[in-house]
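The chain contents come next:
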Amino acid sequence: MRDEKKYGMVIDLDKCTGCGACMVACMAENNVPFKEDESNKLDSITWMRVYKLTNEKPFPEADICYIPRPCMHCEADHGHSPCVSVCPATATDYSLRTGIVSQIYSRCIGCRYCMVACPYHARYFNWWDPVWPSDMEKYLSPNVSPRMRGVVEKCSFCFHRYQLAMDKAFLEKRRELKENEYQTACAQACPADAITFGDLNNPEHAVQQLVRPDRKNGGRTKHPRAFRLLERLGTNPKIYYLSSREWVRRAGDNYLKKENKTLSGRST
Amino acid sequence: MDNALIPKEVKRCPFSQFIILLGPVVGVLLLGVFAMSLVWLKGLNQTNMNDAYGFAAWIWADLTVIALGGGAFFTGFLRYIIGKDELKNIINYAVLIGVICYSSALLILGIDIGQPLRGWFIFWHANVHSMLTEVAFCLTVYLGVLIIEFVPLIMENRQIDRVPFFHHLGHRMHEIMAVFAATGAYLSFFHQGSLGGVAGVLFGRPFAFREGVFIWPWTFFLFTWSAAAVGPCFTMLITRITEKITQKKLVKENVIQLLAKISGWMLTTYIIAKIIDTWYWAAVTAPSKGFTLMDFYSNNPLYGIWILVVEIVIFGVVPAAILIIEKGRRHPILFITAVVLAVLGVCLNRWVMVLQVMAVPVLPFEGWPMYFPSWQEIATTMIPVTYGIVFISLAYRYLPIFPQEQELNPMGQMGPGEQEKPSILSDRKLRSAET
């Protein structure tokens, strides 16, 4: 398809400071509900979640790394995203035009099979009806519908921004978007410029230039600093991470003890 | 009080005693209904499920009751398709248990989804790639088939049978029952398998994922196989419990022995297949994803390798060995031990394929989340049990469930307990005979 795009992200973990600005921007942009007590992370909603990793070594070798984790918008090696293929009501879909995995809130029956299928825990269930503090409702984004109790939600790559950008382009009689016309809230909010967003199929976009994914090989990259989470599962995620630290790259997947620590394309 | 409804030539306890005995069961059932109402009104926040445990106790209960209800389709298959005529003496009970299990499963699904009013979307916006779609379709249709199989039995109630229309309807339905049995068997082979496929297709969860044939992972076949093996065990177990409670022999031993022998061989072949599947998964599938077998069974407070040993050896090999050896299945204690172990085996297998799938961390930097159900989940999970007891009690009291009951318990010859305490029913029958 001529228009086929694959929107994705490259997150430079060497730049990420773990400030959480991406999480805050995401919640504000997408009307993500929150609880009065957010201490239990197992039932709170964080479309973008920043994990803190340690190399579990004592001082002076102790090291930490922060990994921001949005939805991976998997395409999977065989073309069926883990979550999309299992939804019984077709409430989540993979767009061949954008490569974005969508969630249709008004169709979701809340069976949570997609959450079970997602190895990244990127999908969240609305255990409660969304309630915002008084007056805060005035600050909600009018472009994103709040979700009701009993449905699943997740990162949409700020799809409403894509729609607005496409509307504008259409009025200007264009079919293509410029790179800066469609950017996610987290990418724009990152003060360290750690998140780069764009079309992984477009050689003019920074994401493509950064990792040069091999389209014929499940989007795999030979960039020495790049890796993807759980790549061995064959989920073909569209979030690439960059790190100059071997232990961080290795923390992105599961390996047998006998497997060589410096895996192909991963050594520094 | 309800004598006119009780089948001829069989003895039942007094109505008052019947009500008193059922009272506590109904009490627990009402507690479950209350908990279910809370969930429907307030949402799934009434449970202890969370984003790590999208599936939990209810889905386990769902998978388990469907496997245990598998006695209906497999006994029907043996009776009507293979032609094992002796099984006509237990098929009614197998169908009754099947109706209870499958209606319970659909009820649980109705509670378990976050938007129950949108349940019909599965049929309207069906995703043909989803195993759950296949489950929903087959379950619903098969429950319909089971009800059709059960209706002729209701028609045999003494009072209903007196109405010519119902009498003939029941008779005609009996004649074409082989068609429904075949349909039921066909549907069951698929939905039992689809339930296995629910876990097996999860290529993002190496603990659950299995290779397979075409679109079907090996768990598809293992689930069907295990349900066919253990379903009849559950039917036999409930039959024995019913016999114990009623203090009567209700099914002839040759019927039980035939079913036990077939179950034994099904269980034997299943457990061989399960061992091969486990070996291949541990040696090839999991390592290809970066996991060793022990990664799935260590660093957590509950799921140790013991669970695999218990499932395969104690709950698999042992009951299979007892049931295929004639001396074993004829020995009352060994027989009951075998069917109980087999039933526990399928319960444990479904638990592992639901709860442990959720517990095993996939991201290397995540840990094992643990889960214990809330009282609302436990109370609603008790609904199938209590509702099943009430359903069976009513059916046993008012319908000729066991065709051999009269022959095995002639009214003139009371059992040991019955001689001491003649029932109100038999007294009344005596009086009416005198007049």
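Heads up: the structure comes first, above all this text.
All figures in this text were calculated on a predicted structure; none of them were measured in a lab.

(A) Fine view of the pairing of strand β1 (residues 7–12) of chain A. Residue and element names in this part refer to chain A. Within β1, 6 of the 6 residues are buried, which leaves the element mostly enclosed by the surrounding structure. Every second residue of β1 is oriented toward a common face, with Tyr7, Met9 and Ile11 on one face and Gly8, Val10 and Asp12 on the other, all of them buried. Of the strand pairs in this sheet, β1 and strand β8 (residues 195–199) are connected by 5 bridges, and their pairing is antiparallel. Along β8, the bridge assignment pairs isoleucine 11 with isoleucine 195. In this sheet, strand β10 (residues 239–242) lies alongside β1 in parallel orientation, the contact comprising 4 bridges. Across the sheet, isoleucine 11 pairs through a bridge with tyrosine 241, a residue of β10.

(B) How the structure looks around the packing of helix α9 (residues 177–200) of chain B against helix α10 (residues 218–246) of chain B. Residues and elements named next belong to chain B. Packing of α9 against α10 leaves a shortest axis separation of 7 Å and a crossing angle of 135 degrees. When the axes of α9 and α10 are compared, the pair comes out oblique. As α9 packs across α10, the resulting crossing turns out to be right-handed. Seen from α9, the contacting residues are Phe189, Gln192, Gly193, Leu195, Gly196, Gly197, Ala199 and Gly200; seen from α10, they are Trp218, Thr219, Phe220, Phe221, Leu222, Phe223, Thr224 and Ala227. Residues of the contact of α9 with α10, tallied by class, amount to 9 nonpolar, 7 polar and no charged.

(C) Fine view of unusual backbone geometry. Residues and elements named next belong to chain A. The omega torsion across phenylalanine 59 and proline 60 is 10 degrees, close enough to zero to call that bond cis. One can find proline 60 in the loop between β2 (49–54) and β3 (64–69). For threonine 90, which is not glycine, the phi torsion reads 50 degrees and is therefore positive. Here threonine 90 is to be found in the loop between α2 (82–86) and β4 (92–94). Positive phi, normally seen in glycine, also occurs at phenylalanine 157, with a value near 55 degrees. Tracing the sequence through the fold places phenylalanine 157 in the loop between β7 (152–154) and α4 (159–171). Judged by local crowding, phenylalanine 157 falls into the buried class, with 27 C-beta atoms found within 10 Å.

What counts, and at which threshold
Here, residues in each chain are numbered from 1, in the same order as that chain's written sequence. Chains carry letters and ligands carry numbers; both start at the beginning, A for chains and 1 for ligands, and go up in the order they are written. Residue-level local features of this predicted model are given only where pLDDT is at least 70; pairs of side-chain atoms are given and counted only at 80 or more, and the full residue set underlies all totals for whole chains, interfaces and linings. Here exposure depends only on C-beta density: within 10 Å of a residue's C-beta, 20 or more other C-beta atoms make it buried, 12 or fewer make it exposed, and intermediate numbers make it partly exposed, the C-beta atoms being placed from the backbone. Numbering of helices and strands starts at the N terminus; helices are DSSP runs of H or I of at least 4 residues and strands are runs of E of at least 2. DSSP-based pairing: two strands are paired if at least 2 bridges between them are found. Under this scheme, a helix contributes an axis fitted over its contacting stretch, all axes are lines through C-alpha atoms, and angles between N-to-C directions fall in the 0 to 180 degree range. Roughly parallel covers angles under 35 degrees, roughly antiparallel covers those over 145, roughly perpendicular covers 65 to 115, and oblique covers all other angles. Each crossing gets its hand from how the near helix is turned against the far one by less than a right angle, where anticlockwise is left-handed and clockwise is right-handed. Here, residues touch in the contact sense if the C-beta positions derived from the backbone fall within 7 Å of one another. Polarity classes work like this: nonpolar for Ala, Val, Leu, Ile, Met, Phe, Trp, Tyr, Cys and Pro, charged for Asp, Glu, Lys and Arg, and polar for all others, with Gly in that last group.

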